[in-house]
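Residues per chain, in single letters:
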Amino acid sequence: MKEKNKTYTAEDFARYHAGTMPDNEMNALEKAALEDPFLEDALEGYVHAHAVESDIAELQARLTEKQKNKKVFFISSVAQSKWWRIAALFIVIAGAGYFFYRVNSVSKEHSLAKNEIKASTEKKANIAPGKTDSAIVKDDIAFENQTESKFAQKEEPAFPKEPRREKEIIAPVQKSESVQAPSQDNKLKDGISSDSRLKEAYKKEVSKDADLEVEKEYVLKGKVTDENGHAVPFASITDKARDKVAVTDTAGRFLFRSKDSSMQATASAAGYASKDVKLKNDTPSTIAMNKTNAGLNEVVVTALGKRKQLKEPAYASKALNGKVPGVQITSPGLQPSGGKEKFDRYLEENLTLTYDENNEPLTGEVVLSFTINKKGRPKNIKVVRSSCEPCEKEAINLLENGPAWIGREHVPGTVMIKF
Amino acid sequence: MDNFIGLAFLKKILSTESDHDLVQLYKTAGNIDTLGELYQRYMELVYGVCLKYMKEPEEAKDCVINIFEELVMKLKKHEVDNFKPWLYQLAKNHCLMKLRSKKGRPVNIDIDVVHLSENIHLDDVMEKEMHLTTMESCIEQLPGEQKQAIKMFYLDEKCYREIAEKTGTDINKVRSFIQNGRRNLKICMEKQALQKA
């Protein structure tokens, strides 16, 4: 009982189980264990340990490491004054850096938007419709990269960190795009060679990991497969918290860099149901996607269902000088304010077709006569001639609520609205 | 330089301070080193508990680190008067939760474990001289095997293995004789104390 307050160590437990502890010491340990369930449990647990000494050493090292990492948030009260000064300085620098970076990225986005329009018009000429999208994407990324490197060169001396990190984010997206575009164009050979290039790049990325460990950045990688374990290329993996996207390569692989060792992400690919996953830095995750037919059909249905599609002929009619449907102004005394073009556009945008019982749109002409008041609003609207009785109401409605007219008061004018 | 002196000073405090003081120090100053120092005192025990439940050294090690992380969060929120039993409960809960979250692996807590978690402060009772006579009579009232085991364990100070060898019974049986004997002893002595009062 004299040893009641002795603190037992892992070494004691190991000796106990190894049978190298003297009997009287074992008795004392057993007694102490009976008084202390914590000790009892621990003593029992060490049956499963194989290398106690190295285990404890490893644990101590890991614990110290943890303490070091956490220290950023816990500032020692003794050394407070100095630490605070450093912390404040750091925050000011980081804040200034972030502000500067934001200002630059806003202006970059501006120029990016301009370039997008240019790029899309240029590319439309060369590439068949339907592939324009990927072409634009490709172009955008190329441009983004260009501005990125310019940006990086300019800013490198002052703020080397920000531009570099962004480049890394773009890297995986850009890589897989370079594979995507050629293979869509059926340039198979190209696709294969760029795939091997990609593999090299992938290897390089992985070998870079060692350097990055120092910066406490984690690499989260994995593979996207279908139910049968086949790779799913061009699937996008979205980091929910930071709104970053990575795209899988032809082997279905993807790679993220993150400051966290784990992240919540959503994997999605055309023809598959999107899936929420948790990525961890130490284990490459395999994401098995389930096939769904809805994805592809939906796109087709939506396109046909758009009202704009029905109106397409109206846009075409612009070229035919607004004949079907449109307006014909027969009285020279009255002109719509903003001109005929504007009135045409107003009609295109607001004209609602009238349908018969078979849901077929009705066509015809409605000629209206009217006068204007002081403010230029159409008054005394009357139907002069009509080949589509049900459309008359809509025609009057359009004129009544349309743009104002310019001309002399009380001088009648006529307008023909075609359906 | 004053940093070094400060740290050395802190270290000196930490090694002598009681658990309770360290808990309070951590709560007010929020220094992770304080908590690290405190955790180190019991880390080997925590590792043992983790080993007991996880059975795998690698898993148990992760468990020890995770418990420390949980500790960092929980100690700020909870009022802890007696750190060691609290930590034990935290560690045990953590392990059980972990086992439960592992699908397809049933949690089997054998009866032995349940027995052991009973906390009987028999030593405190035994140390009081006025109780010695009552205890002797109580020991005599124990069933034969329990009486023998208790006598050998407490009076002759033999360890489980020696008792097992001498009596020719299994070591686990010896353990349960002693545990049950202790419980019976406690009940008996409480009864006697009530009668006297």
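Residues numbered from 1 in each chain as written. Chains lettered and ligands numbered in written order. Predicted model: local features only at pLDDT ≥ 70, side-chain atom pairs only at ≥ 80, totals over all residues. Heavy atoms only, no water.

Caption draft 1: Broad picture of the overall build of chain B. Across its full length, chain B carries 11 helices and zero strands. When the helices and strands of chain B are listed from N to C terminus, the series reads α-α-α-α-α-α-α-α-α-α-α. Among the 197 residues that make up chain B, the fraction classed as buried is 43%. Pairs at least 24 apart in sequence give 56% of the contacts found in chain B among residues at least 6 apart. Just so you have it, chain B exposes about 10,900 Å², and 54% of that area is on carbon and sulfur atoms. (Helix = DSSP H or I, 4+ residues; strand = E, 2+ residues; numbered from the N terminus. Buried < 20%, exposed > 50% of the residue type's maximum accessible area, 1.4 Å probe, protein only. Contact = heavy atoms within 4.5 Å. Areas by Shrake-Rupley, 256 points an atom, 1.4 Å probe, with all protein chains shown as cover.)

Caption draft 2: Region of the structure containing the state of the cysteines. Residue and element names in this part refer to chain B. Taken as a whole and assessed by the stated rule, the structure comprises one disulfide over all chains. Put simply, C138 and C188 are joined by a disulfide, and their sulfur atoms are 1.8 Å apart. Residues C138 and C188 share a disulfide whose torsion about the S-S bond is about -80°; that sign makes it left-handed. Of this pair, C138 sits in helix 8 (residues 132–141) while C188 sits in helix 11 (residues 171–196), placing them 50 residues apart in sequence. (Disulfide = S-S within 2.5 Å.)

Caption draft 3: Inspection of the sheet that holds strand 2 (residues 236–239) of chain A at higher detail. All names here are of chain A. What the four strands build is an open sheet, ordered 3-2-5-7; its pairing is antiparallel. In this open sheet, the two edge strands, each paired with only one partner strand, are strand 3 (244–247) and strand 7 (275–280). Averaged over neighbouring strand pairs, the angle between their axes works out to 30° when direction is ignored. Note: strand 2 against strand 3, four bridges, orientation antiparallel. Its bridge partner being in strand 3, D239 is matched across the sheet by K244. (Pairing = 2+ DSSP bridges. Axes fitted to C-alpha atoms, helices over the stretch in contact; angles between N-to-C directions.)

Caption draft 4: Structural context of the pattern of salt bridges. Under the criterion given, the structure shown has 23 salt bridges over all chains. For the salt bridge of R253 of chain A with D249 of chain A, the shortest nitrogen-to-oxygen distance reads 3.2 Å. Taking relative accessible area as the criterion, D249 of chain A reaches 5% and is therefore assigned buried. Measuring nitrogen to oxygen at the nearest pair gives 3.9 Å for the salt bridge that ties E365 of chain A to R385 of chain A. In this pair, E365 of chain A sits in strand 12 (residues 365–372) while R385 of chain A sits in strand 13 (residues 378–386), placing the two residues 20 residues apart along the sequence. Given a relative accessible area of 27%, E365 of chain A falls into the partly exposed group. A relative accessible area of 48% means that R385 of chain A is categorised as partly exposed. Connected via shared salt-bridge partners are D55, E58 and R62 of chain A together with E58, K61 and D62 of chain B. (Salt bridge = Lys/Arg side-chain N within 4 Å of Asp/Glu carboxyl O.)

Caption draft 5: Expanded view of the sheet that holds strand 8 (residues 285–288) of chain A. All names here are of chain A. Taken in spatial order, the three strands of this open sheet run 4-1-8, and their pairing is mixed. Strands at the two margins of the open sheet, each flanked by one partner only, are strand 4 (253–258) and strand 8. When strand polarity is set aside, the average angle formed by the axes of neighbouring strands in this sheet is 30°. As paired strands, strand 1 (residues 218–225) and strand 8 are joined by four bridges and run parallel to one another. By the bridge assignment for strand 8, V224 is matched with I287.

Caption draft 6: Representation of helix 5 (residues 83–101) of chain B within the structure. With 19 residues, helix 5 of chain B extends 27 Å from end C-alpha to end C-alpha; this agrees with the ideal 27 Å at 1.5 Å per step. Within the span of helix 5 of chain B, buried status applies to F83, L87, Y88, L90, A91, K92, H94, C95, L96 and L99 of chain B. (Expected span 1.5 Å × (residues − 1).)

Caption draft 7: Layout of the packing of helix 3 (residues 32–54) of chain B against helix 4 (residues 57–77) of chain B. All names here are of chain B. In contact at an axis separation of 8 Å, helix 3 and helix 4 are set at 140° when each is read in the N-to-C sense. In terms of their interaxial angle, helix 3 and helix 4 are classed as oblique. Crossing of helix 3 against helix 4: the hand is right-handed. Along the contact surface, helix 3 presents I32, L35, G36, Y39, M43, V46, Y47, C50, L51 and M54, while helix 4 presents P57, E59, A60, K61, C63, V64, I67, F68, L71, V72 and L75. Within the contact of helix 3 with helix 4, the residues separate by chemical class into 18 nonpolar, one polar and two charged. (Parallel < 35°, antiparallel > 145°, perpendicular 65-115°, else oblique. Left-handed = near helix turned anticlockwise from the far one by under 90°. Nonpolar A, V, L, I, M, F, W, Y, C, P; charged D, E, K, R; others polar.)

Caption draft 8: Main features of the nonpolar core. Counting residues in hydrophobic clusters, the biggest one holds 75 residues, and the most contacted among them are Y39 and L87 of chain B. When residues in this core are grouped by element, the largest group, 14 residues, is from helix 3 of chain B. In this view, L87 of chain B contacts F38 of chain A together with Y39, Y42, V46, I67 and L71 of chain B; residues no more than four positions away in its chain are not counted. By size, the runner-up hydrophobic cluster in this structure holds 19 residues, among which are F343, L347, V366 and V415 of chain A. (Core = buried A, V, L, I, M, F, W, Y, C linked by side-chain atoms within 4.5 Å.)

Caption draft 9: Just the confidence of the model for chain B, in detail. All names here are of chain B. Across chain B, pLDDT averages 79, with 77% of residues at or above 70. Low pLDDT, under 50, characterises residues 107–120; the predicted model gives this stretch 25 contacts beyond four residues in sequence or across chains. As a predicted assembly, this complex carries a pTM of 0.38 together with an ipTM value of 0.70. (pLDDT = per-residue confidence, 0-100.)

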